[in-house]
Amino acid sequence: VEVAATGAAAELAAALDAVGGRRLVVAGGDGSVHAVVRHLHDTGALGEVGPVGLVPLGTGNDLARSLGLPLGDPTAAAQVALTGRAQGTELVVETSGERPAAVAVNAVHTGIGVSAALRAHRLKPFLGRLAYPVGAVAAGALGGPWHLRVVVDGEVVHDGDQPVSLVALSVGRTIGGGAQVSPAATPHDGLVDVVVSTSNGVRARAGYALTMLRGRAVERRDVARVRGRDAVVEAVDGDPFVLNADGELLHPRAVSSWTTLHDAWSVLVPREG
């Protein structure tokens, strides 16, 4: 076993380029998996590297939840990396012309979650760890509005007249360490779950957040959920918006289109039974 601890993009690239025919195991969270898959996709090696083992060591581990990997038990997760079965897994790739193209292994979303992260980043030098809950409260009360048009496989899901509080393209079931944005999502069917919430106002947004924790958010009347292969999110007012792809904040854009690649890479998951 060779362990490569990487702290910069160049170090990660060097480690991945040296994998050869050996089994690759990623010990980290969604951000670590995202960085690995993005490099392999950019270099054309994603389909050649073989099944990847994941040892969830992050704070959210949302992809690992949807894959059924052991959480909080690195030894059990390492055993899966040794003896698990290979499972083809989706990748969502931006097709808007950005270079290099953005990718998402678990979810890409915009709205309240991004607003909270941006506010927390500005407050962190003053509030430390308290910046995140304070940023979330501020986003819930003051974030937006976001007038976004959402189209899935050529069909308009939301025309943008009514502002949205969240738009998510989700391969996995959860975001933010367990918030169930789309409880029925699966990373293996070749489709992305697109969720649009128009829960506006402090009370409605708080209610939406609570039902996400309970796994009931998609049942709300102000939430739409569709599944498809291709999705486009566009600002009808031309005001650029920021996207969060697996925890990475992308630079603002006024339109963003994505496609789902079926079985783009392979992950080692627990054997059934």
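Details of the structure are given in the entry above.
Residues numbered from 1 in each chain as written. Predicted model: local features only at pLDDT ≥ 70, side-chain atom pairs only at ≥ 80, totals over all residues. Heavy atoms only, no water.

A.B. asks: What is the right way to read the overall build of the protein chain from this model?
C.D. replies: The number of helices and strands found in the protein chain is 7 helices and 16 strands. Relative to its full complement of 273 residues, the protein chain shows a buried share of 47%. Contacts in the protein chain between residues at least 24 apart in sequence constitute 69% of all its contacts with a sequence separation of at least 6. (Helix = DSSP H or I, 4+ residues; strand = E, 2+ residues; numbered from the N terminus. Buried < 20%, exposed > 50% of the residue type's maximum accessible area, 1.4 Å probe, protein only. Contact = heavy atoms within 4.5 Å.)

A.B. asks: Would you explain the side chain of Ser182 in this entry?
C.D. replies: Its location among the elements puts Ser182 in the loop between β10 (179-180) and β11 (192-197). Take Ser182: its relative accessible area is 0%, and that puts it in the buried class. Every residue in contact with Ser182, bar those within four places of it in the chain, is listed here: Gly172, Arg173, Asp193, Val195, Val218 and Arg225.

A.B. asks: Explain the sheet that holds strand β13 (residues 230-235) to me, please; I cannot follow it from the model alone.
C.D. replies: In a beta sheet, neighbouring strands pair by backbone hydrogen bonds and run either parallel or antiparallel. Strand order in this open sheet of 6 strands is β4-β3-β16-β13-β6-β7, and the pairing throughout is antiparallel. The two strands at the open ends of the sheet, each matched to only one other strand, are β4 (103-104) and β7 (155-158). Pairing geometry for β13 and strand β16 (residues 255-269), over 5 bridges, is antiparallel. Looking at the pairing, Val233 lines up with Ser256 of β16. (Pairing = 2+ DSSP bridges.)

A.B. asks: Explain unusual backbone geometry here, please?
C.D. replies: Note: most peptide bonds trans; most residues except glycine with negative phi. The phi dihedral of Asp246 is positive, around 55 degrees, even though this residue is not glycine. Position of Asp246 relative to the elements: it lies in the loop between β14 (244-245) and β15 (248-249). Phi angles above zero are rare outside glycine, and Asp263 is one such case at about 50 degrees. Along the polypeptide, Asp263 turns up in strand β16.

A.B. asks: Even after reading the chapter, I still don't get the environment of Val156, so can you show me in this structure?
C.D. replies: You can see Val156 is positioned in strand β7. For Val156, a relative accessible area of 44% corresponds to the partly exposed category. Remark: the alpha-carbon pair of Val156 and Val232, spanning 76 residues in sequence, is separated by 9.4 Å. Discounting chain neighbours no more than four positions away, the residues touching Val156 are Arg149, Val150 and Val151.

A.B. asks: Looking at this structure, how should I read the layout of surface pockets?
C.D. replies: Any empty space left between the atoms is revealed when a probe the size of a water molecule rolls over them. If you add up the space inside the second largest pocket, you get close to 870 Å³. As for the second largest pocket, its lining consists of 24 residues, and the residues nearest its centre are Glu2, Val3, Ala4, Leu24 and Val25. Looking at the lining of the second largest pocket, the elements with two or more residues in it are α1 (9-17), β1 (25-28), α2 (30-42) and α4 (74-83). Partitioned by chemical class, the residues of the lining of the second largest pocket number 19 nonpolar, 2 polar and 3 charged. (1 Å grid on protein atoms, 1.4 Å probe; cavity = no way out; pocket = protein on both sides within 12 Å on 5 of 7 lines; lining within 4 Å. Points joined across faces, edges and corners; volume = space filled by probe spheres on them. Nonpolar A, V, L, I, M, F, W, Y, C, P; charged D, E, K, R; others polar.)

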